[in-house]
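Chain and residue survey
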Amino acid sequence: MGDPRETAVLTLAACERQGAWSDGHLKRAIREHGLDRRDAALASRLCYGVLQNRLLLDWRLSRVCSMKLDKLDVKVLCDLRVAAYQLLFLDKIPASAAVNEAVELAKKHSRNPRTAGLVNGVLRALLREEAPEVKGRDGIEALSIRYSHPRWLVEEFAERLGLEGAEALLQADNEQPPTTAQVNTLKITPEKLAEELRAAGVEAEPHSWLPNCLLLTGTGDLERLDAFRHGAFYVQDAASRLAVAAADPRPGQRVLDCCAAPGGKSFAAAIAMENRGELISCDIHPHKIKLLEAGRDRLGLSVIKPTLQNAAQTREDWLERFDTVLTDVPCSGLGIIRKKPDIRYKDPEPLKGLPRVQRGILDNCARYVRPGGVLVYSTCTLLRRENEEIVDSFLAGRPDFELESFELPHLGPQPGRLTFWPHIHGTDGFFAAKLRRKG
């Protein structure tokens with residue numbers, strides 16, 4: 001049986017060295033190390049906890065470490081971070097055990113015989129230090145350290161929300177959201193599904209404002225649940241679900257989902273269409289087409305036709321053919337930091353090219369909308385340049401499209417577009433705009 005601490009350390013080291021995404025690497029490591037359900041949960045908690053608090057952990061460690069952290073071997077640094085997270089944030093593991101385990105891992109993974117002594121000394125000094133007040137050169141840097149978001153990102157959020165609003169958002173990014181399950185109402189009622197899930201040991205509560213939606217905790221591996229395997233529900237955040245509610249697809253319509261994987265919007269649209277009509281779900285990657293097919297078959301949504309297609313390249317046979325076109329474009333993903341904590345550490349430089357890609361997809365997919373039809377543009381980011389500015393520039397060049405107001409459950413009427421905020425709406429950060437092509 002593997003060690004959950006070691007699994008977390010090795011995953012974090014791989015992310016640091018190779019730029020790997022933590023979720024995919026962690027799942028593989030858990031399988032390879034043969035962790036049971038309990039140890040897998042601890043490895044995940046340690047890994048994601050370090051990522052959520054990395055800048056703060058490094059700030060605390062740098063105060064008590066005689067060496068500069070960037071001079072340490074990556075595995076040793078990750079070992080220190082995991083132990084520091086245990087000491088500062090978790091209370092179920094005795095401090096002495098956390099320190100001893102870190103020292104043993106240092107002996108195992110470092111060739112330098114002095115490393116174990118360094119790890120021991122740093123962690124014991126950390127235990128002796130009273131929690132210092134986090135300070136920086138200014139309010140932005142203090143927030144950056146306290147909530148472990150890079151300075152450039154805090155500046156982006158503070159410019160839009162002010163320091164107080166930015167702090168609320170950063171705090172929400174570091175919280176653990178429940179799993180959001182959308183009920184396949186073609187197969188089961190929300191009440192019946194909640195009953196089945198509770199019988200399987202899962203806590204299931206109705207979403208406070210989104211119909212046919214449950215909040216789940218204590219799920220473990222979702223795919224082991226009979227209700228999941230039988231297609232009674234799929235996982236999709238409330239904000240992403242509301243993008244389809246804004247589009248309002250109807251039974252019998254022709255619908256195109258241009259960037260469909262992993263499939264949530266296609267599944268929501270197919271259910272709204274009562275599995276009647278035509279729904280083409282596109283992705284550029286063959287392995288994601290297989291995922292879409294598997295989801296479609298599991299949910300029994302035969303109306304969905306997964307199709308390999310680049311959303312930026314034109315299909316002449318699709319021109320002006322669809323009643324509704326969904327474009328959930330590739331984006332910086334800065335609205336889903338609470339689910340993928342390592343997104344915050346992305347290099348901001350390559351992100352600057354995204355608006356050109358997004359605008360190209362929107363321009364191309366707009367050509368598929370029939371006169372009188374609907375086009376929805378959406379992202380899971382919170383940056384104006386990927387959201388409002390794209391829509392504004394598109395409308396300036398396409399006078400045959402206009403923003404159309406839409407009604408959402410609980411939130412009421414919206415003036416054609418809406419940004420969802422984790423700290424305000426309790427959802428992922430998400431943007432959606434509804435555009436109508438003039439008849």
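Up top you'll find the structure we're talking about.
Anyway, here's the lowdown on the structure attached to this text. (Residues numbered from 1 in each chain as written. Predicted model: local features only at pLDDT ≥ 70, side-chain atom pairs only at ≥ 80, totals over all residues. Heavy atoms only, no water.)

Attention shifts here to the pattern of salt bridges. Within the structure shown, the criterion is met by 38 salt bridges. One salt bridge connects Arg151 with Glu155, and the closest N-O pair in it is separated by 3.0 Å. One end of the pair is Arg151 and the other is Glu155, both in helix H8 (residues 151–173) and four residues apart, which spans about a single turn. Judged by relative accessible area, which is 37%, Glu155 ranks as partly exposed. When the shortest N-O distance is used, the salt bridge between Glu156 and Arg385 registers 2.9 Å. Of this pair, Glu156 sits in helix H8 while Arg385 sits in the loop between strand S9 (369–379) and helix H16 (388–397); the two residues are 229 residues apart in sequence, bridging distant segments of the chain. By relative accessible area, Arg385 is classed as partly exposed at 27%. Residues joined in a network through salt bridges with shared partners are Glu16, Arg54, Asp58 and Arg81. (Salt bridge = Lys/Arg side-chain N within 4 Å of Asp/Glu carboxyl O. Helix = DSSP H or I, 4+ residues; strand = E, 2+ residues; numbered from the N terminus. Buried < 20%, exposed > 50% of the residue type's maximum accessible area, 1.4 Å probe, protein only.)

Counting 41 residues, the largest nonpolar core has Leu12, Leu61, Leu80, Val82, Val119 and Leu123 as its most contacted members. When contributions to this core are tallied by element, the ones reaching two or more residues are helix H1 (4–18), helix H2 (22–32), helix H3 (37–64), helix H4 (74–89), helix H5 (95–109) and helix H6 (115–128). Ignoring sequence-local partners within four residues, the contact set of Val119 consists of Val76, Asp79, Leu80, Ala102, Val103 and Ala106. Membership of the second largest hydrophobic core comes to 26 residues, among which are Leu362, Ala366, Tyr368 and Ala433. (Core = buried A, V, L, I, M, F, W, Y, C linked by side-chain atoms within 4.5 Å. Contact = heavy atoms within 4.5 Å.)

What follows covers the packing of H1 against H2. At their nearest, the axes of H1 and H2 sit 10 Å apart, and the two run at 140° to each other. In terms of orientation, H1 and H2 fall into the oblique class. Between H1 and H2 lies a crossing of right-handed hand. Across from Thr7, Leu10, Thr11, Ala14 and Cys15 in H1, the residues of H2 making contact are Ser22, His25, Leu26, Ala29 and Ile30. Classifying every residue of the contact of H1 with H2 gives six nonpolar, four polar and no charged. (Axes fitted to C-alpha atoms, helices over the stretch in contact; angles between N-to-C directions. Parallel < 35°, antiparallel > 145°, perpendicular 65-115°, else oblique. Left-handed = near helix turned anticlockwise from the far one by under 90°. Nonpolar A, V, L, I, M, F, W, Y, C, P; charged D, E, K, R; others polar.)

Attention now moves to the pairing of strand S5 (residues 254–257). The sheet contact formed by S5 and strand S6 (residues 278–283) spans four bridges and is parallel. Bridging across to S6, Arg254 finds its partner in Glu278. Regarding topology, helix H12 (residues 264–272) serves as the crossover connection from S5 to the parallel S6, and that connection is right-handed. (Pairing = 2+ DSSP bridges. Right-handed = clockwise from strand over helix to strand, strands pointing away.)

Attention now goes to the sheet that holds strand S3 (residues 213–217). One open sheet holds the four strands; their spatial order is S2-S3-S1-S4, and the pairing between them is antiparallel. A strand with exactly one partner marks an edge of an open sheet, and here the two such strands are strand S2 (203–206) and strand S4 (233–235). Across this sheet, the average inter-strand angle for adjacent strands is 35°, counted without regard to direction. In terms of strand pairing, strand S1 (residues 179–183) meets S3 through four bridges, oriented antiparallel. Across the sheet, residue Gln182 finds its bridge partner in S3, namely Cys213.

Locating Thr180 in the fold gives a position in strand S1. Here Thr180 falls in the buried class, since its relative accessible area comes to 8%. Distance from Thr180 to Lys92, taken between C-alpha atoms, is 28 Å for residues 88 residues apart in sequence. Filtering out sequence-adjacent residues up to four positions away, Thr180 remains in contact with Cys213, Leu214, Leu215, Tyr234, Val235, Gln236, Asp237 and Ala238.

Before going further, it helps to examine the side chain of Thr327. Looking at the element boundaries, Thr327 is found in strand S8 (residues 322–328). In this structure Thr327 comes out as buried when scored by relative accessible area, which is 1%. Only 2.8 Å separates the side chain of Thr327 from the backbone oxygen of Val376, close enough to count as a polar contact. Setting aside residues no more than four positions away along its own chain, Thr327 makes contact with Cys258, Leu362, Cys365, Leu375, Val376, Tyr377 and Ser378. (Polar contact = N/O pair within 3.5 Å; in protein donor to acceptor, adjacent residues only side chain to side chain.)

Everything listed here is a matter of coordinates, which is why it stays silent on function.
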